[in-house]
Amino acid sequence: MDFSAKQIAGAIAIVLALVALAAGIADWRHKKRRNLDRVSLFDWRNVQVFALIVAIIAAAAAFQL
């Protein structure tokens, strides 16, 4: 199977958009927790922001190829 660079960049953009969505849900759940002493392993807001930035860059690269 030979994938073009456009297909790879598009797939990366889709996967990172899904990661950003999952991080947004995890951040929302973390903010709504009952036990405020429970901390999260990751800062989900930062994960979401970085995933969105890289997804936008990958989508732009896919459109330019």
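Model, not experiment: these values are computed from the prediction.

J.: What is the right way to read a nonpolar patch on the surface from this model?
T.: A cluster of nonpolar side chains, contributed by Val 49, Phe 50, Ile 53, Val 54 and Ile 57, occupies part of the molecular surface with about 460 Å² of accessible area. Mapped onto the secondary structure, Val 49 falls in helix H2 (residues 44-64).

J.: Would you take a moment to explain H2 for this structure?
T.: Because the α-helix completes a turn every 3.6 residues, residues three or four places apart line up on one side. Between its first and last C-alpha, H2 extends 30 Å over 21 residues, near the 30 Å set by a 1.5 Å rise per residue. The set of residues buried in H2 consists of Ala 51, Ala 55, Ala 58 and Ala 62. Buried residues along H2 cover an arc of 70° about the axis, so they all sit on one side. Within H2, the exposed residues directed more than 90 degrees away from the buried face are Phe 50, Ile 56, Ile 57, Phe 63 and Gln 64.

J.: Got a minute to help me understand the layout of surface pockets in this structure?
T.: Where empty space is left in the structure can be found by rolling a water-sized probe over the atoms. In this structure, the largest pocket spans a volume of roughly 230 Å³. Taken together, Arg 29, His 30, Arg 33, Arg 34, Asn 35, Arg 38, Val 39 and Ser 40 make up the full set of residues lining the largest pocket. Looking at the lining of the largest pocket, its residues break down into 1 nonpolar, 3 polar and 4 charged.

J.: For this particular structure, what's the right way to read the pattern of salt bridges?
T.: Pairing is possible between side chains that carry opposite charge, provided their charged atoms lie close to one another. One pass over the full model with this rule turns up 1 salt bridge. Of the charged contacts, one joins Arg 45 and Asp 27 as a salt bridge, the two residues approaching to 3.5 Å between their closest N and O atoms. Here Arg 45 is found in helix H2, whereas its partner Asp 27 is found in helix H1 (residues 5-31), with 18 residues between them in sequence.

J.: Hey, could you run me through H1 in this one?
T.: An ideal rise of 1.5 Å per residue puts 39 Å on 27 residues; H1 measures up with 38 Å between its terminal C-alpha atoms. Within the sequence span of H1, burial applies to Ala 9, Ala 13, Leu 16, Ala 20, Ala 23 and Asp 27.

Rules and cut-offs
Residues numbered from 1 in each chain as written. Predicted model: local features only at pLDDT ≥ 70, side-chain atom pairs only at ≥ 80, totals over all residues. Heavy atoms only, no water. Patch = residues over 30% accessible without salt bridge, like charges linked within 9 Å, V, L, I, M, F, W, Y side chains within 5 Å. Areas by Shrake-Rupley, 256 points an atom, 1.4 Å probe, with all protein chains shown as cover. Salt bridge = Lys/Arg side-chain N within 4 Å of Asp/Glu carboxyl O. Helix = DSSP H or I, 4+ residues; strand = E, 2+ residues; numbered from the N terminus. Expected span 1.5 Å × (residues − 1). Buried < 20%, exposed > 50% of the residue type's maximum accessible area, 1.4 Å probe, protein only. Arc of directions from axis to C-beta. 1 Å grid on protein atoms, 1.4 Å probe; cavity = no way out; pocket = protein on both sides within 12 Å on 5 of 7 lines; lining within 4 Å. Points joined across faces, edges and corners; volume = space filled by probe spheres on them. Nonpolar A, V, L, I, M, F, W, Y, C, P; charged D, E, K, R; others polar.

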